[in-house]
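Chain residues, written in single-letter form:
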Amino acid sequence: MFVLCEMKDTVRIPPWEFKENTTDAIMDILNKKFANKVVYNVGLCIALWDLVKLEDSFIFPGDGATHTNVHFRYVVFRPFIDEILVGKIKCSSKEGVYVSMGFFDDIFIPADALQHPAIFESQDQIWAWEYEVDEDTKHKLFMDIDEEIRFRVVDETFTDTTPSGPDTTNTESDIPTDPELKKPPYTITASISDSGLGCMSWWNG
Amino acid sequence: MEVISENSALLTNYEVFSLLTDIQNGHGQRKPNKHQQNLATIVYETVKYLENTSCKLQNPELLKVFAEKVSRFNLTKAEKLQILNQRPTTAVEIQLIVEESEERLTEEEIYELLELISSCVPSISDGEKVEGASEDHEGKEEIQEGNEEEEEEEQMDEGEGEVHEELITEDRNDVQVGAEDNDDDD
C-alpha cells in the first residue's frame, strides 16, 4: 500500500529560517511542499522518510536565500495493481460505488466490476448483490454507505492537473465549466468481482 | 523536482504507522507546526485509518519471527506484505492474496499458514489484551529495526527495488551537510 519514493529537489531556505538547524529547515520545507499532495505518476505523498544527501548550497544575486539540492525519500501511498485493500463505501451511483480510505477518497468500483449479479436500488441509491442461495430463493446483500469493503486494485489513472495557459478560444464565459478542472489527480479503479471481496460482513460468516 | 526512483522499497503498514506516530509525538521529526496543515491533516487521517488495522499491534521482533517462519511457504514479497497488512483469517482471504494459490499451496498448507498468522500476528479484534499493544514508540530504533526486517524479506526474494543497507541504517538526521560553510560566509 505504501512505498518509498526517492526524489531530488532544490530547496530554498529563506533567510529567516537560517536560525534553524539546516536539516530541520529542509525537512520542514519538504513536508510542507509534498505532504498530502499527489505527484504525477508517483502517488499520494504522506510524509518525509529521511534525507539521503544534501549537496552544496548556492546563493544567487538578488536573493538572500540559500538553494540546496537535496536527495530524500518520501512515504507515498501507491498501491500496486492487484493489491487487496480495505476501505469504506462513500457513496453509490448508477455508474458504480465510490470508496474512501479516510486519507484517500478517489477509489471507484465500476458497476461491471461488482459481484455478479448486482442491481442498483434507485430508491435508496445503493447497490445490492443478488446472492442466489438456491434456485428459488435469492438474497439481496446491500452495500450500505460507510460499510467496510474489501477490494482489489485493477487500474490507476494519473491526471496532469498542472494549470495550462489561459484559454484563448473561449473568452466569453467566465465560469469554468470544463469538467477536466474538477478531475482528481490520482484515481484508483477497483473490482470486487471475486470471492472474498466486497463488504466485510458478507464473508465473516 | 526530479523523481529518482518512484518505488525504491515497499513499506509495511507498521513502518508507516510508527513513522507517523513519531511525527505526531515529535520523535525524529518535528511536530507539524501551524504552517504545515497539509502534513498535519494527512498524518492524522492516515493514522486514523491504520489504527483500525492490526499493524497497530505489530513490532519489529514479531515481524522478524513471522518473516522467518513464513519463508517456507515460498510467497512473494508483495504477498507477505499483504498478509502482514491485512492479517487474513480465512482460507478465502489467502486465496485472494496469494496468486494461483490452488497450485502453489495445498489445502493443508493454507491452514498451516492461517495458523501461523493467528499465532504470530496479533489481531485487532483480540483487543488490548494482546502483548505488545502498549508498546511505546521509541522512535528510531524501532524504525531502523523495522527496516532491517524489510531488508531480510527483500533478500529472500532476490530483491527487485533493493534498498541499500547503508542508507537505511543511517540516522535520519545525521546527513552530511556539505554546505554549512556557504551559509556562514560573510
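What you are looking at is a predicted structure, and each value in this text was computed from that prediction instead of being measured. (Residues numbered from 1 in each chain as written. Chains lettered and ligands numbered in written order. Predicted model: local features only at pLDDT ≥ 70, side-chain atom pairs only at ≥ 80, totals over all residues.)

K.L.:
If you had to explain the overall build of chain B to someone new, which residues and values would you point to?
P.N.:
Helix and strand counts for chain B come out as 10 helices and 1 strand. Across chain B, helices and strands are ordered from the amino to the carboxyl terminus as β-α-α-α-α-α-α-α-α-α-α. In chain B, which comprises 186 residues, the share counted as buried stands at 33%. Once local pairs closer than 6 in sequence are excluded, the contacts in chain B between residues at least 24 apart make up 70%. (Helix = DSSP H or I, 4+ residues; strand = E, 2+ residues; numbered from the N terminus. Buried ≥ 20, exposed ≤ 12 C-beta atoms within 10 Å, placed from the backbone. Contact = placed C-beta atoms within 7 Å.)

K.L.:
Can you lay out helix H1 (residues 22–34) of chain A for me, pointing to particular residues and giving the numbers?
P.N.:
Residue and element names in this part refer to chain A. For H1, spanning 13 residues, the distance from its first C-alpha to its last is 18 Å, which sits close to the expected 18 Å at 1.5 Å a residue. Of the positions making up H1, those classed as buried are Thr-22, Ile-26, Met-27, Asp-28, Ile-29, Leu-30, Asn-31 and Phe-34. Looking one or two residues past H1, Asn-36 carries a phi angle of roughly 65°, positive in sign. (Expected span 1.5 Å × (residues − 1).)

K.L.:
Describe in detail the UniProt feature "domain: RNA polymerase Rpb4/RPC9 core" (unreviewed entry) in chain B, supporting the description with residues and values.
P.N.:
Under the UniProt annotation, the feature "domain: RNA polymerase Rpb4/RPC9 core" (unreviewed entry) is placed at residues 1–124 of chain B. The distance from the first to the last C-alpha atom of residues 1–124 of chain B is 40 Å, and the span holds 60% helix and 8% strand. (UniProt positions renumbered as here; feature names shortened; annotations may be inferred.)

K.L.:
So, the sheet that holds strand E4 (residues 66–77) of chain A: which residues are in play, and what are the values?
P.N.:
Spatially, E2(A)-E3(A)-E4(A)-E1(A)-E1(B) is the arrangement adopted by the 5 strands of the open sheet, whose pairing is antiparallel. Edge strands, defined here as strands with exactly one partner in the open sheet, are strand E2 (38–39) of chain A together with strand E1 (2–11) of chain B. Of the strands in this sheet, strand E1 (2–13), strand E3 (43–59) and E4 of chain A together with E1 of chain B are in contact with helix H1 (residues 13–25) of chain B, which crosses E3(A) at around 65°. (Pairing = 2+ DSSP bridges. Axes fitted to C-alpha atoms, helices over the stretch in contact; angles between N-to-C directions.)

K.L.:
Explain the sheet that holds strand E8 (residues 118–121) of chain A residue by residue, including any values.
P.N.:
Residue and element names in this part refer to chain A. Spatially, the 3 strands line up as an open sheet ordered E8-E9-E10, and their pairing is antiparallel. Since the sheet does not close on itself, it has two edges, and those belong to E8 and strand E10 (138–142), each with one partner. Between one strand and the next, the sheet's axes are offset by a mean angle of 35°, whatever the strand orientation.

K.L.:
Mind laying out the packing of H1(B) against helix H2 (residues 37–51) of chain B, listing which residues take part and the relevant values?
P.N.:
Helix-helix packing is characterised by the crossing angle of the two axes and by the distance between the axes. Residues and elements named next belong to chain B. Packing of H1 against H2 brings their axes to within 10 Å, and their N-to-C directions diverge by 135°. One way to sum up the angle between H1 and H2 is to call them oblique. Two packed elements cross with a definite hand, and for H1 against H2 that hand is left-handed. Along its contact with H1, which presents Asn-13, Val-16, Phe-17, Leu-20, Thr-21, Ile-23 and Gln-24, the element H2 presents Val-43, Thr-46, Val-47 and Leu-50. Classifying every residue of the contact of H1 with H2 by side-chain character gives 7 nonpolar, 4 polar and no charged. (Parallel < 35°, antiparallel > 145°, perpendicular 65-115°, else oblique. Left-handed = near helix turned anticlockwise from the far one by under 90°. Nonpolar A, V, L, I, M, F, W, Y, C, P; charged D, E, K, R; others polar.)

K.L.:
How would you sum up the interface of chain B and chain A? Please name residues and give values.
P.N.:
How big an interface is tends to be stated in terms of accessible area lost as the parts join. Contact with chain B, which involves 50 residues of that partner, is made by 50 residues of chain A. Breaking the side of chain B that touches chain A down by element, the ones donating at least two residues are E1, H1, H2, helix H4 (77–86), helix H5 (91–97) and helix H10 (180–184) of chain B. Top contributing element to the side of chain B that touches chain A by residue count: E1(B), with 10 residues. Partitioning the side of chain B that touches chain A into residue classes produces 22 nonpolar, 19 polar and 9 charged. Pairing between E1(A) and E1(B): 6 bridges, direction antiparallel. Residue pairing for E1(B): Lys8(A) is matched across the bridge by Glu2(B).

K.L.:
Lay out the pairing of E10(A) in plain terms, naming residues and giving numbers.
P.N.:
Residues and elements named next belong to chain A. A small share of E10 lies buried, amounting to 0 of its 5 residues. Two strands pair when backbone bridges link them, and strand E9 (residues 126–132) and E10 are joined in this way by 5 bridges, in the antiparallel orientation. Its bridge partner lying in E10, Glu-130 is registered against Lys-140. Linking two consecutive strands that pair antiparallel, namely E9 and E10, is a turn of 5 residues.

K.L.:
Please give an account of unusual backbone geometry that cites residues and values.
P.N.:
The omega angle of the peptide bond from His116(A) to Pro117(A) is -5°, so this bond is cis rather than trans. Relative to the helices and strands, Pro117(A) is located in the loop between strand E7 (107–110) and E8. Of note in this structure, Asn41(A) is not a glycine but carries a positive phi near 65°. Checked against the element boundaries, Asn41(A) lands in the loop between E2 and E3. Its identity as a non-glycine residue notwithstanding, Arg87(B) has a phi of 50°, on the positive side. One can find Arg87(B) in the loop between H4 and H5.

K.L.:
I'd like a rundown of the domain arrangement of chain A, residues and numbers included.
P.N.:
Residue and element names in this part refer to chain A. When cut into domains, chain A gives domain 1 (2–77) and domain 2 (84–161 + 175–203). Distance from the C-alpha centre of domain 1 to the C-alpha centre of domain 2: 36 Å. Listed as interface residues are 6 residues of domain 1 and, on the opposing side, 5 residues of domain 2. The residue makeup of the side of domain 1 that touches domain 2, split by class, is 4 nonpolar, 2 polar and no charged. (Domains from an automatic or database assignment.)

K.L.:
With reference to specific residues and values, describe the UniProt feature "domain: RNA polymerase Rpb7-like N-terminal" (unreviewed entry) in chain A.
P.N.:
Under the UniProt annotation, the feature "domain: RNA polymerase Rpb7-like N-terminal" (unreviewed entry) is placed at residues 8–64 of chain A. Split by type, residues 8–64 of chain A is 23% helix and 44% strand. Its first and last C-alpha atoms lie 22 Å apart.

K.L.:
Give a detailed account of the environment of Ala111(A), specifying residues and quantitative values.
P.N.:
Residues and elements named next belong to chain A. Position of Ala-111 among the secondary structure elements: in the loop between E7 and E8. Along the chain, Ala-111 and Leu-141 lie 30 residues apart, while their C-alpha atoms are 15 Å from each other. When near neighbours in sequence (up to four residues on either side) are disregarded, Ala-111 contacts Glu-95, Gly-96 and Ala-118.

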